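Analysis of the macromolecular model
So you can see what is in the structure, the chains are spelled out below.
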Amino acid sequence: MSHQNSQHIVVVGTKPDIIKQAPIYHELRDRGHDVVLCHTGQHYDHNLSQSMLDEFGVREDINLEVRGGVNDLVSGITAKLALYLRGFAERGGFPITYVHGDTTTAMAGALATFGERQALVHVEAGLRTLSPKPEVLRGWLEQGADLDWASFREQSVDRASWAKGSREPSPEQFNTRVADAGSDLHAAPVELNREFLLEEGFAPAAIDVVGNSVVDALEQAIAGSDRNQVLQRFPQMGDGSFLRFCVHRRENTTNRDRFNLLMDAMEALLEQGHHVLFIRLLGTEAAIDNFGRRQWLEDLEKRYGDALISTPVWDSYLDVVAAMSMCAVIVTDSGSIVEEANVLEVPCVTLRFGSDRSETFLAGSNFLAPPVDKDLMTSVIHHVFEHRGELSWDRVYPEKASAMLVDAVERRLDEGSLLISEEWRYGLPARLR
């Protein structure tokens, strides 16, 4: 497989895909590679797709326009992408497909390339959830509202407190495992991801730790963002006291008990005097309606006035980054936002039972508040807020991730091929198919 005949197919389907794949797309193009941007259609609302494409200066070359539920997306993306990739091979080219992270698009993209026996680069490979060991979680729950901050913080940064085995987030943990199983190059963000992949038996030479391209995206967004635009809409954010609160994971927004606990915790924080920026994503809006919380939210907005900013998800990533950088604490069930918080140097609280960005726990930038007890959740968030001035950490994700990833791809092309074979595993001359 040569540089000359290689076509680089950068696949996106969701808002995080676009944010993190755009820097890789630009890096490939800047080096003179033949690059195509393929959108699967998984996210199609303007504020989740087109606005992101516009902000990052990329244009889709093809949109597969796949719609529907999880199974519809998987089957549709797999079939349409496989057909598209087959066309490159039939014309004598060597497609190299790039999928990102743990989305349905990534999993289906891996199925398509695997079925076509074509090369796959998994961007952000090796994401595996670490959750607190049962005895650790029980200890936190016993403390509840009386959580001892010093011991909690000490346990949070101790690898011995955490264990693998979680199936959450779901279906993301399924998606990333399938994508890894079909990958020829695992582009791991951090050493912890490499460790997970090696434990599972993946070939060491197929794994490169290249950082996270969210850093490249953030640098562009920070350079272009204007805090004044946010402050014109929400001047009360200028004092830096707001908690950015967002919940969108399926396990949180389709489970009545969990969602109600999370909303009750947000209300308790307001009652304690905290200021909250509540971002309502699509899953959040559906849960608010499904679980009868719409009137409750309207009442909350009236009761707390300027102390509660309740808003649908924003179109502009630049404004999102500006607002995040002005917040005191970011409270979320998102994985990507945890990464961004680490780089922006804003402390974070994760509203799940664990995180597939657990390197941020160990770094001391992110703390867990599992959605099982309102008192524990509010206690963790309040402690992080109160102690935010003393928190510091080394940034987990290095700069120039996109360049490191493309370096890894080019090095393999120079060596002969990206495709993994048994001959390659044993260091024998590859037999071309």
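Conventions adopted
Residues numbered from 1 in each chain as written. Predicted model: local features only at pLDDT ≥ 70, side-chain atom pairs only at ≥ 80, totals over all residues. Heavy atoms only, no water. Helix = DSSP H or I, 4+ residues; strand = E, 2+ residues; numbered from the N terminus. Rg over C-alpha atoms; globule rule 2.2 N^0.38 Å. Buried < 20%, exposed > 50% of the residue type's maximum accessible area, 1.4 Å probe, protein only. Areas by Shrake-Rupley, 256 points an atom, 1.4 Å probe, with all protein chains shown as cover. Pairing = 2+ DSSP bridges. 1 Å grid on protein atoms, 1.4 Å probe; cavity = no way out; pocket = protein on both sides within 12 Å on 5 of 7 lines; lining within 4 Å. Points joined across faces, edges and corners; volume = space filled by probe spheres on them. Axes fitted to C-alpha atoms, helices over the stretch in contact; angles between N-to-C directions. Core = buried A, V, L, I, M, F, W, Y, C linked by side-chain atoms within 4.5 Å. Contact = heavy atoms within 4.5 Å.

Looking only at helices and strands, the protein chain has 20 helices and 15 strands in total. In terms of overall size, the protein chain behaves like a compact globule, its C-alpha atoms giving a radius of gyration of 22 Å where 433 residues would be expected to give roughly 22 Å. C-alpha atoms of the protein chain, sized along the principal axes, occupy 65 × 45 × 40 Å. For the protein chain, buried positions account for 58% of its 433 residues. Accessible surface, the protein chain: about 17,300 Å² in total, of which carbon and sulfur atoms supply 48%.

Of all 5 residues in strand β10 (residues 242–246), 5 are buried, a share of seventy percent or more. Along β10, one buried face is formed by F242, R244 and C246 and the opposite face, lined by L243 and F245, is buried too. One ladder, built from 5 bridges, connects β10 with strand β11 (residues 275–280); its direction is parallel. When the bridges of β11 are listed, R244 appears paired with L277. The sheet contact formed by β10 and strand β13 (residues 329–332) spans 4 bridges and is parallel. Paired with F245 across the strands is V331, a residue of β13.

As a further point, take helix α16 (residues 336–344). With 9 of its 9 residues buried, α16 lies for the most part within the structure. Taken as a whole, α16 has its buried residues at S336, I337, V338, E339, E340, A341, N342, V343 and L344.

The next point concerns empty space enclosed by the protein. Applying the stated rule across the entire model yields 3 cavities of 30 Å³ or more. Approximately 60 Å³ is the volume attributed to the largest cavity. For the largest cavity, the lining is made up of 13 residues, of which V123, G211, N212, S213 and L405 are closest to its centre. Of all the secondary-structure elements, those providing two or more residues to the lining of the largest cavity are α1 (15–30) and α19 (401–415). At 3 residues, α19 tops the list of elements feeding residues into the lining of the largest cavity.

Attention now moves to the sheet that holds β10. Taken together, the 6 strands give an open sheet; going across it, the order is β12-β11-β10-β13-β14-β15, and neighbouring strands pair in parallel fashion. Strands with a single pairing partner mark the edges of an open sheet, and in this sheet they are β12 (308–312) and β15 (366–368). Between one strand and the next, the sheet's axes are offset by a mean angle of 20 degrees, whatever the strand orientation. Two elements, β11 and β12, share 5 bridges in a ladder whose sense is parallel. Across the sheet, the residue bridging to I279 is T311, located in β12.

What follows is about the nonpolar core. Note that soluble globular proteins tend to have their nonpolar side chains buried in a common cluster. Membership of the largest hydrophobic core comes to 108 residues, with the highest contact counts inside it found for Y98 and F245. Not counting chain neighbours up to four residues away, the residues in contact with F245 comprise L262, M263, M266, L269, V276, L277, F278, I279, V331 and L351. Grouped together as the second largest cluster of nonpolar side chains are 19 residues, A82, A110, A112 and L120 included.

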